[in-house]
Amino acid sequence: MSSSRRRRGWLVPAGLLAIVAVMLTIVSFSVPLYRMFCAATGSGGTTQRALAASGTLGRLVTVDFSTGTAKGLPWRFRPIQGRVRVRLGQESLVFFEAENLSDAPIVGHASFNVTPDKVGIYFKKIQCFCFTEERLGAHQKVEMPVTFFVDPRLATDPSTTEVDNITLSYTFFRSSRPKHAADLARFANAPPDAAAGHTLFVSNCSGCHALDHAPDHATEGPKLAGVYGRRAGSVPGYPYTPALAAAHLTWDSTTLERWLSGPRAFIPGTAMPDAIDDAVGRRDIIAYLHSLSPASGS
């Protein structure tokens, strides 16, 4: 009897230990499981990952960008552009700037979501710095690209058909897993990317400029195929402003950089109002235009 009582006496603490072990297991896996659930369903405005845009274009929506840093992370973090207008299904490229204000390298990790929350399942990111832990050197500043599209199915879901404005938000935290972090310097040191420039051209320039295949009346600006290496104001039949028509310059990397960063400051009296705010974006657009010139061999 005493042996039986001893066995029964051990059953209670053993059972309690088993319950504690189960609870600890649930807690340890709850965050990863919740993240997996959000990634699969878009719950909480969690965006999705994709390899490429759908290729099907729909109506226009406005995407706003919001950024912040957690307490204790001495970084400055901002969107280069506050908002963009994109078509559903259109691959778009935007840039964010991060600057480490401290005297030491720091590894950060970005959390992200979109609002309204119900849009999360339709917001697809192809490339993003938020996928990995990121190291930023002391006093280093970099521009980081995000490539995304909004799934055209947004327009056919009864719960999202009324959505015209989407906000993509990021917050950078100091990383709890700094080992094996990627270095944000890879963006600063990357060579010009003509493919990225094409994406930027479509979203920033194609509303006013076409290449050679569009009818003359289809766009407001002159056609830009072959613009790299061309004399400014020289497309036959295009009504240039006197200032641009009289400009004695040839479009190359230097002149296009000055033009895209501020056309009216570069050539006073010109009609073009828009500038490309981010230096990386200008560099990539110029690389794309260069790739279209006969001298490039493409």
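Rules used throughout
Residues numbered from 1 in each chain as written. Predicted model: local features only at pLDDT ≥ 70, side-chain atom pairs only at ≥ 80, totals over all residues. Heavy atoms only, no water. Pairing = 2+ DSSP bridges. Helix = DSSP H or I, 4+ residues; strand = E, 2+ residues; numbered from the N terminus. Core = buried A, V, L, I, M, F, W, Y, C linked by side-chain atoms within 4.5 Å. Buried < 20%, exposed > 50% of the residue type's maximum accessible area, 1.4 Å probe, protein only. Axes fitted to C-alpha atoms, helices over the stretch in contact; angles between N-to-C directions. Parallel < 35°, antiparallel > 145°, perpendicular 65-115°, else oblique. Contact = heavy atoms within 4.5 Å. Nonpolar A, V, L, I, M, F, W, Y, C, P; charged D, E, K, R; others polar. Expected span 1.5 Å × (residues − 1).

To continue, consider the pairing of strand S10 (residues 165–174). Where strand S2 (residues 60–69) and S10 come together, eight bridges link them in parallel fashion. Of the residues in S10, the one forming a bridge with Phe65 is Leu168. Looking at chain direction, strand S6 (residues 106–115) and S10 are connected through eight bridges and run antiparallel. Its bridge partner being in S10, Gly108 is matched across the sheet by Arg174.

The subject of this paragraph is the sheet that holds S10. Overall, mixed pairing links the six strands, which are arranged S4-S2-S10-S6-S8-S11 in an open sheet. Both edges of this open sheet fall to strand S4 (83–87) and strand S11 (182–183), since each of them pairs with a single strand only. As paired elements, strand S8 (residues 134–136) and S11 share two bridges and run parallel to each other. Paired with Glu134 across the bridge in S11 is Ala182.

This part is about the nonpolar core. In terms of nonpolar packing, the biggest core is built from 35 residues, with Phe96, Phe129, Met144, Phe148 and Tyr170 touching the most fellow members. The set of elements that each furnish at least two residues to this core consists of S2, strand S3 (75–79), S4, strand S5 (92–100), S6, strand S9 (141–150) and S10. Counting residues in hydrophobic clusters, the runner-up holds 28 residues, among them Ala196, Phe201, Leu244 and Ile267.

Our focus in this paragraph is the packing of helix H3 (residues 194–204) against helix H7 (residues 279–291). Two numbers describe how H3 lies on H7: the axes approach to 7 Å, and their chain directions differ by 100 degrees. In terms of orientation, H3 and H7 fall into the roughly perpendicular class. Where H3 approaches H7, its residues Ala194, Ala196, Gly197, His198, Leu200 and Phe201 are matched on the opposing element by Gly281, Asp284, Ile285, Ala287, Tyr288, Leu289 and Ser291. For the contact of H3 with H7, the class distribution of residues is eight nonpolar, four polar and one charged.

A few words now on H7. For H7, with 13 residues, the first-to-last C-alpha span of 18 Å sits near the 18 Å given by 1.5 Å per residue. Taken together, the buried positions of H7 are Val280, Gly281, Arg282, Asp284, Ile285, Ile286, Ala287, Tyr288 and Leu289. Residues of H7 that are buried sit in contact with S5, S9, H3 and helix H5 (253–261).

Across the junction of Thr115 and Pro116, the peptide omega takes the value 0 degrees, indicating a cis bond. With respect to the helices, strands and loops of the structure, Pro116 is situated in the loop between S6 and strand S7 (123–127). At His139, a residue that is not glycine, the phi angle is positive and equals roughly 60 degrees. For His139, the location among the structural elements is in the loop between S8 and S9. In this structure, His180 takes a positive phi of about 65 degrees despite not being glycine. His180 gets classed as exposed once you look at its relative accessible area, which sits at 81%.

With that settled, the discussion passes to the pairing of S6. Looking along a regular strand, one sees the side chains alternate between the two faces of the sheet. Examined bridge by bridge, S6 and S8 share three bridges and lie antiparallel to one another. The residue of S8 that forms the bridge with Val107 is Arg135.

Purely geometric numbers; function is a separate question.
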